[in-house]
Amino acid sequence: MMEEQLLPVDPVIPEEADPEDPQTPEKAPGEGILVPQGERELSDEGQLEAAGFQFDHSDLCEPGQRPQIFTEKAAASQVQRSGGRDPGVNIHPESLPISALDHADLQFPKGEFATGGNLMDFSNFLPGKQFDPFQQIVDGSETTSQSSDRLLSPISDRMEQESESAQTAHHPTALTMEPSRETESELDSQEISQDTIPDVYCQSCQIPIPAFEKLFGSHRHHRVAPLPLAAEAAKLECRNNVNKLEQQLIQMETFVNHLEEIFVTVEENIGKQEHYLEVQYDDLMQFLVQGYEDRSQELEEEKKLKLEKLYGELMSCGQRIDLYKELLETTQRLFNTEDKQTFLKNGQTTLARLEEFLQLDFNPEVPTTTEFEKFPTDMPEVQRLIDSISSIPVPSAPLMCPQTPGTATANSMRVRWSLSADDTVEHYQLYYRQLPGGGTQQGEAPADTSLKVKEMYHTIRNLKPNTVYEFWVTATNSTGTSAQSERVKHTTVPLAPTINRRAVASCQDAALIEWESGSQNPACSYTVEFCQVCNGCDWRESLTESLTGITSCPTLIELEANENYLFYVRALNEGGCSERSSPINIRTTGCQLYLMEKTAHLALSILEDGLTIVYNEDDVHIDRPAYDNRFTSCAAVLGQLAPVQGKHYWEVEVSEHLEYRIGVASPNTPRDSYPGSNITSWCMRHTFTPSRSKFEFLHNGTSPDVRITVPPKRIGILLDYDTGKISFFNADIPQNLFTFSQQFQNLINPCFALESSGILKICHGIPIPEFTKLP
Amino acid sequence: MFCFLGTKAAAARARAVSLITVTKMALTQVSSAKCFNGYQKVYEHESSELKCKMRFGIYLPPKAERVKCPVLYWLSGLTCTEQNFLTKAASQQAGAEHGIVIVAPDTSPRGCNIQGEDDNWDFGTGAGFYINATEDPWKTNYRMHAYITEELPRLINANFSVNPEKMSIFGHSMGGHGALICALGNPGKYKSVSALAPICNPVQCPWGQKAFTGYLGSDTSKWEAYDATCLARTYSGPLPDILIDQGKDDQFLAAGQLLPDNFMAACTDKKIPVVFRLQEGYDHSYYFIATFVGDHIKHHAKYLNA
């Protein structure tokens, strides 16, 4: 097998092996190095890789032995090739040369080590590119082929030791390349001159030489390189090879592990098979023994019954014979009686008795048959049992795994089940159905859908979000189908909620957010995730905090002041949590409020920004939904602040001629009254006459007499729960216009009302200005 | 280079020290009492502007021991001395709270032996009207405007640990008038200004007409430089945030001596920001002042402590 696969490489070998040909042996011993002609040609082209590699082998054996081995090897490889077989490629190219060479010393059969030699040369001569793919293929089979070689070997013990030593020598060999070169260079320099020290490297001969050799000596026409450079190149090559070796070692180890796994698995599987076989034969034997016992007992009983009957018959026949005899004797005696009278007198009774006797119908019968009754053998059962020996048992019902977190999405779900270890299954049939009403309904209703699954898990798609499904499964093999598994409930996760962008309120240290559930069924709870955003940072990497188990919406989250946050909401149910909602950005700089549109008077419009209020006296939007919460008489609307005490500041932009009431009001302020006209509202009122602007600061219908010379266009409102004040400012100048002192027990809402047609714009998210500090 | 600068600075410092010593010599402490952890003191000094001995009250808040505090000048009304404000207005607590030095000078030169100076309660002694008189015999001594805006601040800055850059002014009645004309007549000099029941338009009211005629002569065009309403009409400069409190039951309001509406109209025209609060039930007394002085000091504190 392996050889066939590797055969395409074979044609390369004769070409490359040419230098090994015995025709050029005189050259090899002369130089003392394992450098054949082909190698030189390669290195002339600057192929230093091959050059670096060669020292390995020359270093492994004594110089004196080399020529001998060389020729032998070459001859052997020739033999090998002529044999049309090339086992050498199966052998590890790194570890075997050593053993091969050692084998040569031990005068092993040529074929054995020739394979190694062949490969060694092969690996030497081939440039890396050609060699690599081949080597990778071989990797996997290296150990096996090696061990098989070992088995083939005549003295396998020794071989084992040697190959072991070869493997351990693996690394040291590579590492000692450097010294090896030195020894060679010594050898060479000895050849050239005893006294000179080499200072350049002859690339043609691949030996260090003294510089003058280049100039005047035998290397005159050779290419030379500085010794350090050459050494560096050789070292690099050496390191690369070491790396290669290490990689191969790792691959090898991996493969061994793999083999071990397979070994264990095969062992287990065979063990299982044996167990089945035993069980099944036991069954059959038991059945047959049972049949034998039943049958033999029946026979025994039949025998007894029949013999008893026959015996009884025998007995009655004997009695009868006695009777015959006695009657015969009596009749005989009577016949012999001389006396006529006596004869007649006595003979009368005897004759009558005889007559009577003869008249009895004598019809002897055999009471039972001698034949056997037909005994029914349960052949089909026997047949079935015999058949089952070769087949596998029907699987038992699989076991559904309960839902694990993270396996469900809004419209898909991954279900898993397990199987008894002894069962063999061809496929599973997975059944599921949607459970209405949140999965509380019980019962064995039929499946909506079923599908065939090969694996022990399946991902079902196109499901409804936040919905409970019931799953069960059967296992089938060639013998039959198992019973149904238990039914398990899995829940798809809800869809991501949507944060209501027009219902976000925040202040310095908290934010109020509201969202809408994405799914129809209510989710169990929500998780709010948020992270701080800093300008210029990648906000996705910043730390995310999360608040879990939130059941109330809107919800208030405590934050740090003067930070920028991103908020996400996830919905949770039994199946897990939904995707994140799209984020919303909240700054805890100043306060952010939103208008409660459900409180707005029908004549008020709130523009798309959610902060601009438009009032048109002539245009009442009767088409809008009527909420009880709406202001009915005054064109007012309430705002929502973050529901915490502390300081809140917002501004309102108004035009000079606009008539308005702005301030604060309790959430339950009467909807039919004007802000400032009752005890639950405090507001600044502006009325405009052609002559002048009038400002009032109304609470409970009264205002102090305050006059303002510069009508504000931008009014700042500071609500300070701590000091119990509501202050109004002309934010442009800035000027404190008025301050209400009022300790608020409960939270209150901003209030905006328009008394003439126009536009009022709310500005929020403004840091609390300095000028508000001493109102 | 640095050595040279150093010696020069040292020399300058030496001169300054000698100057302070000289002026300090002129200040005589009349009284000192601890009040809200600070000190309420009264000093007497020889005024170069007024050519007479003048007294002023000064409240030094506890904060003044550590840092240079801003100064708030209080100008009292007709007939008052420096004592009225100190004893009746209860300003010290707010001064201590906000760390503001409050200086309360007298309302006119005293003991100048001018003919008829003590004849009227609304002219002469106790009725300086915070103007520089141009008519004989008043013009030598009755230079209250120069005294309040120049001499006194110089004296205070030289003798006390105060921030000369931060000063504000307020007053009551005639002092309210004084505060408004000092502020509107010297744009940018005062960080803020406020007034309690000020005489807003003296050229139009009996008090003002009497005083101005006496001090400035009959040429009414010269009066306008000391009239808050007139100054407002021609004002240009940084807009002061003016706070005015007025008792609704003030008999002088009803008598047409104060005329705040004229001032408000002028400020409305000129867009000078004024908050005018007509306080229900209050009259012209120091009870009214004591009620709202805290608001006013807080109003000034916003600008002085900014």
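Just so it is clear, the model here is predicted, and its values are computed rather than measured. Position numbers for residues start from 1 in each chain and track the written sequence from start to end. The lettering of chains begins at A and the numbering of ligands begins at 1, in the order of writing. Where totals are concerned, whole chains, interfaces and linings use all residues; where local detail is concerned, this predicted model gives features only for residues with pLDDT of at least 70, and gives and counts side-chain atom pairs only at 80 or more. Just so you know, side-chain values use all the structure's heavy atoms and leave hydrogens and water out.

Chemist: What exactly am I supposed to notice about the overall build of chain B here?
Modeler: Helix and strand assignments follow DSSP, with helices taken as H or I runs no shorter than four residues and strands as E runs no shorter than two, numbered in order from the N terminus. Helix and strand content of chain B: 11 helices and 9 strands. Think of it in three bands: residues with accessible area under 20% of the maximum for their type are buried, residues over 50% are exposed, and the middle band is partly exposed, with areas taken using a 1.4 Å probe on protein chains only. Residues classed as buried in chain B amount to 57% of the 306 residues present. For chain B, the computed accessible surface area is about 12500 Å², with 53% contributed by carbon and sulfur atoms. For every accessible area listed, the method is Shrake-Rupley and the probe measures 1.4 Å; residues are considered covered only by the protein chains on display.

Chemist: Whenever I open this one, the UniProt feature "active site" (unreviewed entry) in chain B confuses me. Can you help?
Modeler: All names here are of chain B. UniProt positions are given in the numbering used here, feature names are shortened, and annotations may be inferred rather than shown by experiment. In the UniProt entry, the feature "active site" (unreviewed entry) is given for Ser173, Asp250 and His284. The annotated residues occupy 112 residues of the chain but converge on a single region, no pair of C-alpha atoms lying more than 10.7 Å apart. The topology assignment puts Asp250 in the loop between strand S8 (242–247) and helix H9 (251–254). Take Asp250: its relative accessible area is 2%, and that puts it in the buried class. Here, two residues are considered to be in contact whenever any of their heavy atoms come within 4.5 Å of each other. Among all residues touching Asp250, those that are not within four sequence positions of it are Ala197, Leu258, Tyr282, Asp283 and His284. Inspection of the secondary structure assignment puts His284 in the loop between strand S9 (274–279) and helix H11 (286–304). Leave out the neighbours within four places in its chain, and His284 touches His172, Ser173, Ala197, Asp250, Gln251, Phe252 and Leu258.

Chemist: Before we go on, may I ask you to explain the layout of surface pockets in this structure?
Modeler: The rolling of a water-molecule-sized probe over the atoms marks out the regions of remaining empty space. A pocket here means an open set of points on a 1 Å grid, computed over the protein atoms alone, that has protein on both sides within 12 Å along at least five of seven lines. A cavity is instead a set of points where a 1.4 Å probe fits but cannot get out; residues with an atom within 4 Å of a point line either one. Grid points are joined across faces, edges and corners, and a volume is the space filled by probe spheres set on the points. Quantified by volume, the largest pocket comes out at close to 460 Å³. Contributing to the lining of the largest pocket are 24 residues, with Arg692, Ser693, Lys694, Arg707 and Ile708 of chain A lying nearest its centre. Of all elements in the fold, only strand S28 (693–699) and strand S29 (705–708) of chain A together with helix H10 (260–270) of chain B reach the threshold of two or more residues within the lining of the largest pocket. Top element by residues in the lining of the largest pocket is H10 of chain B. It accounts for 5 residues. Note on residue categories: nonpolar means Ala, Val, Leu, Ile, Met, Phe, Trp, Tyr, Cys or Pro, charged means Asp, Glu, Lys or Arg, and polar means any other residue, Gly included. Its residues placed into classes, the lining of the largest pocket shows 9 nonpolar, 6 polar and 9 charged.

Chemist: What should I look at first to understand the nonpolar core in this one?
Modeler: Most often, soluble globular proteins keep nonpolar side chains buried together rather than apart. What we call a nonpolar core is a set of buried Ala, Val, Leu, Ile, Met, Phe, Trp, Tyr and Cys residues that are connected through their side-chain atoms within 4.5 Å. Counting residues in each nonpolar core, the largest one holds 98 residues, and the members touching the most others are Phe56, Phe85, Phe129, Ile156, Ile169, Tyr215 and Phe263 of chain B. Per element, the largest residue contribution to this core is 8 residues, and it comes from H11 of chain B. Residue contacts for Phe263 of chain B: discarding those within four places in its chain leaves Leu180, Leu184, Cys200, Ala228, Thr229, Ala232, Ile242, Ile244 and Val274 of chain B. Membership of the second largest hydrophobic core comes to 47 residues, among which are Ala510, Leu641, Phe740 and Leu754 of chain A.

Chemist: What exactly am I supposed to notice about the packing of aromatic side chains here?
Modeler: Centre distance and the angle of the planes are the two values used to describe a pair of aromatic rings. Two aromatic rings from Phe, Tyr or Trp, using only the six-membered ring of Trp, form a pair when their centres are within 6.5 Å; if the ring planes differ by under 30 degrees the pair is stacked, by over 60 it is edge-to-face, and anything between is tilted. Going through the model one piece at a time under the given rule, you end up with 32 aromatic pairs over all chains. An aromatic cluster of three or more residues is present, and its members are Phe697, Phe728, Phe738 and Phe740 of chain A. Taking NZ or CZ as reference, Arg487 of chain A lies 3.5 Å from the ring centre of Trp472 of chain A, over its face. Whether a charge lies above a ring is judged from NZ of Lys or CZ of Arg, which has to be within 6 Å of the ring centre and within 35 degrees of the ring normal. Note that Lys41 of chain B overlies the ring of Tyr39 of chain B, its terminal NZ or CZ placed 5.5 Å from the centroid.

Chemist: Please explain the environment of Leu259 of chain B as it appears in this structure.
Modeler: All names here are of chain B. Tracing the sequence through the fold places Leu259 in the loop between H9 and H10. The spatial distance from the C-alpha of Leu259 to the C-alpha of Thr229 is 9.3 Å, given a sequence separation of 30 residues. Apart from residues no more than four positions distant in its own chain, Leu259 is found in contact with Cys200, Asn201, Gln204 and Cys205.

Chemist: Whenever I open this one, the pattern of salt bridges confuses me. Can you help?
Modeler: Charged atoms that come close allow side chains of opposite charge to pair. Residue and element names in this part refer to chain A. Here, a salt bridge means any side-chain nitrogen of Lys or Arg that lies within 4 Å of a carboxyl oxygen of Asp or Glu. Applying the stated rule across the entire model yields 29 salt bridges over all chains. Residue Glu470 is joined to Arg433 by a salt bridge in which the shortest nitrogen-to-oxygen separation is 3.0 Å. With Glu470 in strand S9 (residues 468–476) and Arg433 in strand S6 (residues 427–435), this residue pair connects regions lying 37 residues apart in the sequence. Judged by its relative accessible area of 4%, Glu470 is buried. Between Arg502 and Glu597 there is a salt bridge, with the nearest N and O atoms lying 2.9 Å from each other. Residue Arg502 is located in the loop between strand S11 (498–499) and strand S12 (505–507), and its partner Glu597 is located in the loop between strand S21 (594–595) and strand S22 (604–606); the two are separated by 95 residues in the primary sequence. For Arg502, a relative accessible area of 28% translates into the label partly exposed.

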